[in-house]
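Listed here are the chains, written in short residue letters.
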Amino acid sequence: TISDVKTREVPDWINFSLDGLGEKNDEIRLGSKYSMMEKNIKYLLIFFTSHHQPITLIKNLNFTLKPRALWGIQAPLLIFENRVVAKGIIALALSGEKLFLKDIFLRGNNWENIEAAFRKELKDWEGEKEFVLSSLPEGHSFTNYRRGLSTAVGKGVHVLGAGYFKKFSYKHYAILNNSVEEGALNLAGRGITTECCHMGGFTPLGKPFTITRALADRWLIMEINNEPAINIYKYYFQDKFEAFKKRHFFSFYPLGVYENEALRLISVFDCLEDGSLVCSAGIKENSRAHFMILHQPSLFTSLKEKLAPIIKIPPS
């Protein structure tokens, strides 16, 4: 998830929501004191639920706001002004002389094809690449994506993004300027300062264990305490394990790996047929780790601590 976007270098950043767009009233309800009609919108990024037809959104937004570039990502739910929205659209309008964004659209799921697509699209890139914003729809492998992307752009670029495992709509659409596509939308850019912060709120459960077999370069844990890695989840969920596995709830219960006497959270995305766990990062063999659960009071305390420096940043 995107943890923070500072707008010092991009002052014309506008946040707004649109209700009823594409329906009879075509009402645009602004969540900003600025009037968007007076702005020259360079880039427009929207997030929309499946209730809205992408082609209608394209026509209406190009007619009313006239952005130079338009991208859209379909989502199951939205968060706007401290509430969860089940039906609607949220958008970000971005302008600024230093801001530059380029879209890279992926239809395949093979890591070699992902690498090739990024290299092809970024080969003529002028200047430094600062970040990649990614959106992975259902059916796309996070492991393959991360491997292909890291091979293409290296480790010096911040990668931010989100995705989902469960299918929530008959079709998962993305808007790519004037076309509607199915696949993974990525935006490479510069001109926005980004910072990633890891939120706490998880606490260890039970005794620590040892990761006895792993492939760090492929982000796989194969054995824990000399048994198939999946057994750690079977142990804690017992007769609920099959329902847990079917609903892909692994990411709600990460592993805490000890590094320099501190616990580093590692998300688990899925399990393979041999009992291996697919993780969000590589873990070395013989690492000590804990099974982690969410503790809400700790989470809220961590949120306040992490966001305090960001809240104090004055607007440019």
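The structure we're discussing is the one just above.
Residues numbered from 1 in each chain as written. Predicted model: local features only at pLDDT ≥ 70, side-chain atom pairs only at ≥ 80, totals over all residues. Heavy atoms only, no water.

Caption draft 1: Representation of helix H3 (residues 142-153) within the structure. Across its 12 residues, H3 extends 16 Å between first and last C-alpha, which sits within 8% of the 16 Å expected from 1.5 Å per residue. Looking at H3, one finds that the buried residues are Thr143, Tyr145, Gly148, Leu149, Ala152 and Val153. Lining the buried residues of H3 we find strand S8 (100-106), helix H2 (111-122), strand S9 (131-136), strand S10 (158-163), strand S13 (184-190) and strand S21 (277-279). Just downstream of H3 lies Gly154, where phi reads positive at about 80°. (Helix = DSSP H or I, 4+ residues; strand = E, 2+ residues; numbered from the N terminus. Expected span 1.5 Å × (residues − 1). Buried < 20%, exposed > 50% of the residue type's maximum accessible area, 1.4 Å probe, protein only. Contact = heavy atoms within 4.5 Å.)

Caption draft 2: How the structure looks around the sheet that holds S9. Reading across from one edge, S8-S13-S9-S10 is the order of the four strands in this open sheet, with mixed pairing throughout. With one partner strand each, in any of the chains shown, S8 and S10 form the two edges of the open sheet. The mean angle between the axes of side-by-side strands here comes to 15°, regardless of whether they run parallel or antiparallel. Of the pairings in the sheet, the one linking S9 to S13 comprises five bridges and is antiparallel in character. Note on S13: the bridge partner recorded for Ser134 is Asn186. Packed on one face of the sheet, H2 meets S8, S9 and S13 and runs near 150° to S8. Lying on the sheet, H3 is in contact with S8, S9, S10 and S13; it crosses S9 at an angle near 155°. (Pairing = 2+ DSSP bridges. Axes fitted to C-alpha atoms, helices over the stretch in contact; angles between N-to-C directions.)

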